[in-house]
Amino acid sequence: MYGDDPRADTATAGGRTRRADDVLDMQRVARRGGTAQLLQWLAVRTGAAALLVNRSGVVASPPSFPVGEAERDLVLRGVREITARGLKSAAIDQEGLACVVLYLDGPPGACVPLLAAVMPRPAPPELPLLLADATSVLSLCWQVEHARRQQRRLRIADARTREAVLHLLMNGHTTAARQVAGALRPALPDVVRVYVIEGPPAARGTVAGALARVVVDTWIVPCPVYADHMMVLAPASSEAHTDSPPQWAWPSSVADTCWIGVSDVVPLRDTATGYAQAFHALAAARHRTERLASFAGHPDLALTIGPAAAAWAGVFLAPLHAHCARRSQDPDGTELLATAASWLSFSSRATAHLKIHRNTLTARLTLIQDLLGLDLNRLADQAALALALRTSAADIQPRPHHRTRGGGGTAPSLDELLALPHVVAWAQRQFHPLQTPGIPTCIAQTLTTWLRLDARIGPTAAALSLSASAVRKRLTRSEALLQRSLLRSPSAIHDQWLALRALDLA
């Protein structure tokens, strides 16, 4: 049978009282659990399988009332009937089953589902009226949940777009980042400070919301690599010549539960450098009561060496620059350079940074080793590759007499660069915090032994007759003294190994 609206049915006085009680129960259930709980209540109340459906099939159903093929076919037939005839409700009997289908209310343009109930015949006479009353409550519940789903999709889309912009910036593609960021606010600044905020992963959304209310005109991006990190890119043009960051009134949800690392002022194109600085500052912040630390600047080794580093790096990276992919799906030289930089910064977490499978990362690293003739299990080779990539990113121009392999000239070796007097002076400054009075000599001894043993905890512990936990504690103390991250990537171990090699050569 078909009708315009079951609400037109009459009921006895007792029936009206029961109906009012049912409506109140439905409202309480809806407030407590939304559409899922309300469908469960309807199923228990009527003995029917209560479903939300559309033309494609079942949208939601109570788990305790599974729907068989016969019931599903009858429900979909009812949906076709009600939509084809333009009715508000429909009731269909077929092969010992009874089905009632009603429209829900919803916003224009939304794919609003229908309410359907299917059960063995005969259906109780009050079923259509009960379902009609339920449509009002279900419509409100569905609209609220639909709005929440839409908001969640928008938040996810916004977060992924911001993550894409951050990924472009970290790989030096500033122009592309500005193009992608053009539809978002605020505009990307020309000069930034980078903040890395570490806190409970479950509170990351709360922290982001609190920061957005306090820190204006900034980019707040969840870190794609570490679930407990937030990144903030703050414009620094107005205070680009000051040494200290602006003193924001950090929300209590940040100041009381998080640690904050702050970079120097860097151009937008050097966002990756700013991130590494803030990450190292974060290692120092973990040991401070104020929970905040700014980057304690040391001259970059590539800039310290100067143009000679560019000549060496040009020869060192030439096989990667010259590499061409054999197949369209294979990585070219640019992709291999980006992979190497990401792996050196994030180790195995480079898969999250680059959005690639771990097997793809392994294959690319194998190819990089083959092309460059390196063993990336050795810290020495890692450090050389890291320095070459940093030198290339810094765009240091070699002097004319430093010709690379293709030009027939001679480029210096890495050891020749590290033996330069001003590089040795740089290396001495790297270890100076560990050699000040009052610092036990075992701290520096543990760090240097760890570096010589390819930054492996087990062999270091064996060499020093210590436990692994004791080695980690001493390295953590080194982190606090050096104000550099050692045990978590991006790490300063490459610079520290190069400094140790320079001192050995001296």
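Notes on the structure follow.

Reading the values: the criteria
Residues numbered from 1 in each chain as written. Predicted model: local features only at pLDDT ≥ 70, side-chain atom pairs only at ≥ 80, totals over all residues. Heavy atoms only, no water. Helix = DSSP H or I, 4+ residues; strand = E, 2+ residues; numbered from the N terminus. Rg over C-alpha atoms; globule rule 2.2 N^0.38 Å. Buried < 20%, exposed > 50% of the residue type's maximum accessible area, 1.4 Å probe, protein only. Contact = heavy atoms within 4.5 Å. Areas by Shrake-Rupley, 256 points an atom, 1.4 Å probe, with all protein chains shown as cover. Lys, Arg positive; Asp, Glu negative; His and termini not counted. Charge placed at Lys NZ, Arg CZ, Asp CG, Glu CD. Expected span 1.5 Å × (residues − 1). Bend = angle between axes of the 7 residues up to and from the residue. Arc of directions from axis to C-beta. Salt bridge = Lys/Arg side-chain N within 4 Å of Asp/Glu carboxyl O. Axes fitted to C-alpha atoms, helices over the stretch in contact; angles between N-to-C directions. Parallel < 35°, antiparallel > 145°, perpendicular 65-115°, else oblique. Left-handed = near helix turned anticlockwise from the far one by under 90°. Nonpolar A, V, L, I, M, F, W, Y, C, P; charged D, E, K, R; others polar.

Below, the discussion takes up the overall build of the chain. Summing up its helical and strand segments, the chain has 19 helices and 12 strands in all. Taking 2.2 N^0.38 as the reference for a compact globule, 506 residues should give roughly 23 Å; the C-alpha atoms of the chain span a radius of gyration of 32 Å, well beyond that estimate. Across its three principal directions, the C-alpha atoms of the chain cover 100 × 55 × 50 Å. When burial is assessed residue by residue, the chain has 45% of its 506 residues classed as buried. Of all intrachain contacts in the chain linking residues separated by at least 6 positions in sequence, the fraction that spans at least 24 positions is 65%. For the chain, the computed accessible surface area is about 24900 Å², with 52% contributed by carbon and sulfur atoms. The positive charge centre, built from 52 side chains, and the negative charge centre, built from 42, are 2 Å apart in the chain.

Here the focus is helix α9 (residues 307-322). Across its 16 residues, α9 extends 22 Å between first and last C-alpha, which sits within 8% of the 22 Å expected from 1.5 Å per residue. Remark: the principal bend of α9, roughly 45°, maps to F316, with a proline, P319, within the next four residues. Those residues of α9 that fall on the buried side of the exposure criterion are A308, A309, A310, A311, W312, A313, V315, F316, L317 and L320.

Residues V207, A208, A210 and L211 constitute the buried set of helix α5 (residues 204-214). Seen end-on, α5 carries its buried residues on one side only, within an arc spanning 165°. In α5, those exposed residues whose orientation departs by more than 90 degrees from the buried face are G205, T206 and R213. The inward-facing, buried residues of α5 abut β7 (191-198), β8 (219-222), β9 (229-235) and α6 (252-255).

Attention now goes to the pattern of salt bridges. Per the counting criterion, the structure on display carries 19 salt bridges. Among the ionic pairs, D504 bridges to R452, the shortest N-O distance being 2.8 Å. Of the two residues, D504 sits in helix α19 (residues 493-505) while R452 sits in helix α16 (residues 441-452), which places them 52 residues apart along the sequence. D504 gets classed as partly exposed once you look at its relative accessible area, which sits at 40%. Several salt bridges converge on common partners, so that one network encompasses E198, D228, R286 and R488.

What follows deals with the packing of α9 against helix α12 (residues 358-372). At a minimum axis distance of 9 Å, the contact between α9 and α12 shows a crossing angle of 125°. Looking at the two axes, α9 sits oblique to α12. Between α9 and α12 the crossing geometry is right-handed. Of the residues in α12, those in contact with F316, L317, P319 and L320 of α9 are I368, L371 and L372. In terms of residue class, the contact of α9 with α12 is built from 7 nonpolar, no polar and no charged.

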